[in-house]
Each structure stands twice: as C-alpha cells, then as structure tokens.
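# Descriptive structure summary
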There are 2 protein chains.
Amino acid sequence: MVQERGVDDWIRTIRHRDSTLSPEEEADLRGALSVVVEEPADRDVVREHDRQTRSHLLLEGWAGRYITLSDGRRQIVAIHVPGDFVDLHSFPLQIMDHSVVTFTPCRIAHAPHERLREVTVRHPHVARLMWLSTLIDAAVLRQWLVGSGKRSALEQTAHLFCELFVRLELTGRTDGRTFIFPLSQAELADCLGVSAVHANRVLQDLRGTRMLAWRGRRVEIREWDALAALAGFDPVYLNLADLPR
Amino acid sequence: MVQERGVDDWIRTIRHRDSTLSPEEEADLRGALSVVVEEPADRDVVREHDRQTRSHLLLEGWAGRYITLSDGRRQIVAIHVPGDFVDLHSFPLQIMDHSVVTFTPCRIAHAPHERLREVTVRHPHVARLMWLSTLIDAAVLRQWLVGSGKRSALEQTAHLFCELFVRLELTGRTDGRTFIFPLSQAELADCLGVSAVHANRVLQDLRGTRMLAWRGRRVEIREWDALAALAGFDPVYLNLADLPR
DNA sequence: CGCTGCGTTGAGACTACTCAATATCCGTGG
DNA sequence: CCACGGATATTGAGTAGTCTCAACGCAGCG
C-alpha cells in the first residue's frame, strides 16, 4: 500500500469528476499501486514502441509525453503534474506510440496492469472512471491541437497557462495566483510547436501585457480574466464538477 | 437489429485490433445499435456542450469532429470513415467539448448509452475494447498534433493521406491504390490548421512530386513508399495486428 | 575560475497568411 | 441543350508570423 500525498491528489482528482467513488473502490484503487520509484529529471520512463506491463502514477514532479520524428524534431503531446496517471492508456493499448519523460525529478508509483485488471473486474464502475481519465487526456489533447492549428502562439501559450493553473489548483499545487512552472523555454517550445527563440519572444509579449509575471520559475497570473479571454479558455473540456476561479 | 455493411465494417475493425471477440460478444454489440438515420452533408450531428444520451456509429459517408473558437476559426480534430464510432467517448464523458459534422451525406446508427452500459456489464471484455477504440482515436489525435506542431505542411498532408489509406483499406473502402477523398480543400485546411489557399498550394506540390494524383475526388497513391517516407509514416499508432501495405 | 545550460537579442530568410481576382465544375431551371 | 448561379479551386501580390543562425549575458557549479 502506497501512502503519500500524490496518491491522495489522484483520488481527489477522480472525485472531482465523479463524486460517487465508494470507500471500497477507493481502497481497491489504492491497492493497485505497488512500488514507488524516484527518477531524476530528463529521464525517459517509457519509450516509444515499448510493450508495457504497468502504468505510472505521477506522485511528485512534472513529466510529459512526446513523439520524436526521425530527424530529431520532438513534439510534446502532454504535460503531467502530480496526481496524474501518465500512461494509463498503456493498460488497454500495451504498445506505446510515444515516450514519457521526466521534466523534473519525480516520484512515480507503479500500477501493474495485472492489478489494474483485477480492480476493473471487481469494480466495473472504477473501470469506467479509468476510461474517463484517458478521455479527459484526449480532450486536453484536442485543445492542444486547436492551439497549434488555429490559435496564435500568444493565445496558445495563454491557454496552456490557464489550463495548468486549473489543473494544479485541483490538488492544491498553486499558491494564491501563482505556481511553479518548471519547464525550460525549449521544453515549452516543444509543447507549443514553435522554436525556442519564438517561445522566448511570446513569453516576453505575455509579460508585456502584465497578465503574467515571473519570479524565477514561479509564474503569477495577475489578470485571470484577461488571460482567459485572450486564450479563449473554456474549462468545460477538463470535465470538472466544480470549477475553481 | 441493424443489418448493413457499415456494421460489419465496425466489427471487422474491432477484430483487427483484438481477434478474441466471441460470437456472443459480437451479437451483443450489434444488439446495442438501434435506429439508423440518414443525414445530409454539412449537418451538425452533435454540438459542443450538448449532453449526450447516445453515441453514433458511422455506417456510410464521412464525418468529422471540430472545435470552434469564439471568432469563428474552426479546427477539425478528427475525420471519421464508415465503421468508425464517432463519439463513443460521449458514453463516459456525456458533455461534449466539440461538435460532430457530416462531410458527406451519411448513414448513422444510434447506440443508446443505456444499451452500451448493459453490454459492458455483461461483457467486461467488450468494455475494454470500447476503451481501446477511444484510445486509438487519441493516438491519431497525437499524430495530428505532431503534424501541426512539428511537421511541415507538406509532410503533414502526406501523413494524413497515408493514415486515411490504411484506415480505409481495413474495411475495403479503397480501390487498388485509390480512394475517394470527399472533403473540400477548405475542410482539409481546417484539419491541417492552415489556410485554404495554402492547402491548395500544398496539394499542388504533392501532385508535383508524382506521389499522389487526383481524378475528381478520387486520390491515387502512386508512390506509397516515397509518400510514407516523406510523411515519416509509422502505422504503429493505429494499433493494427496485420498492417496492409 | 571557467565550464555549461539557459535565456535573450539581432538579422535575414522563408513559410504561411490575407485579400482579391479569376477559373472551373456542377446542378437547376428555362 | 444551354444559361445561370453557387460552390470550389486556382492564381497573384503584398504582409505578418515564425524560422534559423549566431552571438552574447548570466547564473550555478565543479
């Protein structure tokens, strides 16, 4: 049984989406976690084309998923924060079409597929919640695609910070209107699908509007309404019952 | 009980991913379909923010999913062909974060969520297959994001035609190395995240390479290997047991 | 103290965009 | 059978956004 904050965050996130999780179901879910491992930053936790036998729950630190092209270009397709199941989809899918990397040092719990399978057999309702979790990942992905395709780099970046703030606030990983954004500008650029130089200039523009401010790696959202308006941010896609802000 | 080709296509697609679907499971799945409706082209079948009580199986015709920004910009986030479940994700998710539109006249079967729920209760294995189906949609989405973010418009377009050919061949909707691509250039542009004018020019470039040729709405892939190489197309993400080509 | 990684800046090139005009195709009604 | 209208495809010209390459600054760390 794994006992730490990241696990509580995970359960809390699930309850935000469906408040009917019973105590037995919760206990069973918790029981599906086995060991916890520590990973340094910039470590590939899972690699493209791997066949997986377990999924990974992120307890502390930030991680991401990415796809590399043959010439080395890299697109980050998801950012994960504590309480996120990074690759729950590898349970039904098995063969990975992308890699998972740590952006910071991370604590990660293992969830063997065999145990997950047992939980879904005992609790079909939990199986539905797992499915739901991967569907929300997909909804986030759709927003990223809209950002990359139809939003300007400025709007897209604003949208990302809105999204991250809401997701982090769910598990109390914000401090007032601030949170720590640990990605380098090069990593951010790989999320946005722009060059690192351009990412830098977009961030400067964003600071110029006074909507966002930085103190080291800590971002402050100074004007939520203006930022959300600029981004066209509508949090419905995150499927949360009670929306913060 | 709905009896027509699109349903067989759907079952065949499922078997391509997991050959262990039993006859009883198949029968139960087929039984989850109720009425079939005809929709003209350019009709919204499902709208953003709707709360759904049924999902839609596409039997004939092409459809897509899209997200609109407040100023009218539209990003298409998925293309669906006969045999695809267009919005199976609305079963766990209920509230839609995007709309579904027909690109051509379509025949669509309804699958009431209540009936889907019954099937998943009787056959947990089928529930896993439904989950899998939505996960493959997400994998396609990731490729679209990579295309939009890191591939050139030419590579991205080549990738899309590779993907569509493979998906259509699964259900025998190709004719030799050709298939009918019914989207207008403006619709294609909304998939790629470029302007209609630019989409037109990219298509001309693609014709110029002699890898692709058009006769009306029918595309011919003249040089599969060259096209796949240009696109960096690796079909692993489609999760098919036996890959054509 | 001198790496090394990250952020910042400048300059010039290129991709893709917008606006606007023209061409082509196709279905409908005369 | 032809004329017409509407939608779609194509072309041109000028512009905006983003890219690449290269240099420089700064901080942390061995």
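Nothing here was measured: the structure is a model prediction, and the numbers come from that model.

Near DNA strand D lie 14 residues; those nearest to it are Gln185, Asn200, Arg201, Gln204 and Arg217 of chain B. In DNA strand D, atoms within 4 Å of the protein come 68% from sugar and phosphate. Here serine 195 of chain A contributes a side-chain N or O atom positioned 2.9 Å from a phosphate oxygen of DNA strand D. At 3.2 Å, a side-chain N or O of arginine 207 of chain B approaches a phosphate oxygen of DNA strand D. Sorting the residues of the surface near DNA strand D by element identifies α8 (196-208) of chain A together with α8 (196-208) of chain B as the ones contributing at least two each. The element that contributes the greatest number of residues to the surface near DNA strand D is α8 of chain B, accounting for five residues. Split into classes, the residues belonging to the surface near DNA strand D amount to four nonpolar, seven polar and three charged.

This brings us to the relation of the copies chain A and chain B. Screw-axis analysis of chain A against chain B gives a translation of 0.0 Å along the axis, an RMSD of 0.0 Å, and a rotation angle of 180 degrees. Taken together, these values place the two copies in the relation of a two-fold axis. A shared interface surface links the copies, since 100% of the contact residues of chain A are contact residues in chain B too.

Each pocket or cavity is described by its volume, and for the largest pocket that value is around 450 Å³. Forming the boundary of the largest pocket are 18 residues, of which Thr120, Pro124 and Ala127 of chain A together with Pro124 and Ala127 of chain B lie nearest the centre. Looking at the lining of the largest pocket, the elements with two or more residues in it are α4 (113-122) and α5 (124-150) of chain A together with α4 (113-122) and α5 (124-150) of chain B. For the lining of the largest pocket, the residue count by class is 10 nonpolar, four polar and four charged. A volume near 370 Å³ is recorded for the second largest pocket. Together, 19 residues line the second largest pocket, and Arg17 and Asn239 of chain A together with Arg51, Leu93 and Gln94 of chain B are the ones closest to its centre. Breaking the lining of the second largest pocket down by element, the ones donating at least two residues are α1 (5-17) and α5 of chain A together with α3 (90-93) of chain B. Residues that form the lining of the second largest pocket fall into these classes: 10 nonpolar, four polar and five charged.

Attention now moves to the protein's contact with DNA strand C. Near DNA strand C lie 14 residues; those nearest to it are Gln185, Asn200, Arg201 and Gln204 of chain A together with His198 of chain B. With respect to DNA strand C, the side chain of arginine 201 of chain A contributes an N or O atom lying 2.5 Å from a base nitrogen. A distance of 3.0 Å is found between a phosphate oxygen of DNA strand C and a side-chain nitrogen or oxygen belonging to histidine 198 of chain B. At the level of elements, α8 of chain A together with α8 of chain B are the ones that each hand at least two residues to the surface near DNA strand C. Counting residues per element, the surface near DNA strand C draws most heavily on α8 of chain A, which supplies five residues. The class makeup of the residues in the surface near DNA strand C is four nonpolar, seven polar and three charged.

Time to look at unusual backbone geometry. Peptide bonds are trans in most cases, and residues, glycine excluded, mostly fall at negative phi. All names here are of chain B. One non-glycine residue, aspartate 42, lies in the positive phi region at around 60 degrees. Looking at aspartate 42, the relative accessible area reads 57%, which means it is exposed. Positive phi values are uncommon outside glycine, yet arginine 210 reaches one of about 70 degrees. Among the residues examined, arginine 210 registers a relative accessible area of 63% and is labelled exposed.

Moving on, we come to the domain arrangement of chain A. Residues and elements named next belong to chain A. By domain assignment, chain A separates into domain 1 (5-144) and domain 2 (152-238). The straight-line distance from the C-alpha centre of domain 1 to that of domain 2 is 23 Å. Facing 25 residues of domain 1, the contacting portion of domain 2 comprises 22 residues. For the pair domain 1 and domain 2, the two sides together bury roughly 2,100 Å², of which 57% comes from carbon and sulfur. There are four salt bridges connecting domain 1 and domain 2.

All right, on to the pattern of salt bridges then. All told, the structure shown has 44 salt bridges over all chains when counted by the stated rule. Here aspartate 97 of chain A makes a salt bridge to arginine 142 of chain B, at a shortest N to O gap of 3.0 Å. Of this pair, aspartate 97 of chain A sits in the loop between α3 (90-93) and β6 (99-102) while arginine 142 of chain B sits in helix α5, on two different chains. The pair formed by aspartate 97 of chain A and arginine 142 of chain B is uniform in burial state, with each residue classed as buried. Note that aspartate 71 of chain B is salt-bridged to arginine 73 of chain B, the shortest N-O span being 2.9 Å. Here arginine 73 of chain B falls in the partly exposed class, since its relative accessible area comes to 26%. Each member of the salt-bridge network shares a partner with another, and the members are Arg5, Asp9, Arg12, Glu60 and Arg173 of chain A.

This part takes up the sheet that holds strand β8 (residues 178-180) of chain A. Residue and element names in this part refer to chain A. Strand order in the open sheet made by the three strands is β8-β10-β9, with antiparallel pairing throughout. Taken across any chain shown, the strands that pair with only one partner, and hence form the sheet edges, are β8 and β9 (212-215). On average, each strand axis in the sheet is tilted by 25 degrees relative to the strand beside it, whichever way the strands run. Pairing of β9 with strand β10 (residues 218-221), which is carried by four bridges, proceeds in the antiparallel orientation. Along β10, the bridge assignment pairs leucine 212 with isoleucine 221. Contacts from helix α6 (residues 153-170) reach β8, β9 and β10, with the element oriented near 90 degrees to β8.

So, on to the interface of chain A and chain B. Taken together, the 46 residues of chain A in the interface contact 46 residues of chain B. Taking both sides of the interface into account, the surface hidden between chain A and chain B amounts to around 4,100 Å²; carbon and sulfur atoms contribute 67%. Taken as a group, Trp131, Arg142 and Lys150 of chain A account for 21% of the area that chain A buries against chain B, more than any other trio of residues on that side. Our enumeration of links across chain A and chain B arrives at six salt bridges. Where arginine 73 of chain B meets glutamate 155 of chain A, a salt bridge forms, and the shortest distance between an N and an O atom there is 3.1 Å.

Cut-off values and rules
- Residues numbered from 1 in each chain as written.
- Chains lettered and ligands numbered in written order.
- Predicted model: local features only at pLDDT ≥ 70, side-chain atom pairs only at ≥ 80, totals over all residues.
- Heavy atoms only, no water.
- Near = heavy atom within 4 Å.
- Polar contact = N/O pair within 3.5 Å; in protein donor to acceptor, adjacent residues only side chain to side chain.
- Helix = DSSP H or I, 4+ residues; strand = E, 2+ residues; numbered from the N terminus.
- Nonpolar A, V, L, I, M, F, W, Y, C, P; charged D, E, K, R; others polar.
- Least-squares fit on C-alpha atoms with pLDDT ≥ 70 in both.
- Contact = heavy atoms within 4.5 Å.
- 1 Å grid on protein atoms, 1.4 Å probe; cavity = no way out; pocket = protein on both sides within 12 Å on 5 of 7 lines; lining within 4 Å.
- Points joined across faces, edges and corners; volume = space filled by probe spheres on them.
- Buried < 20%, exposed > 50% of the residue type's maximum accessible area, 1.4 Å probe, protein only.
- Domains from an automatic or database assignment.
- Buried area = accessible area lost by both parts, 1.4 Å probe.
- Salt bridge = Lys/Arg side-chain N within 4 Å of Asp/Glu carboxyl O.
- Pairing = 2+ DSSP bridges.
- Axes fitted to C-alpha atoms, helices over the stretch in contact; angles between N-to-C directions.

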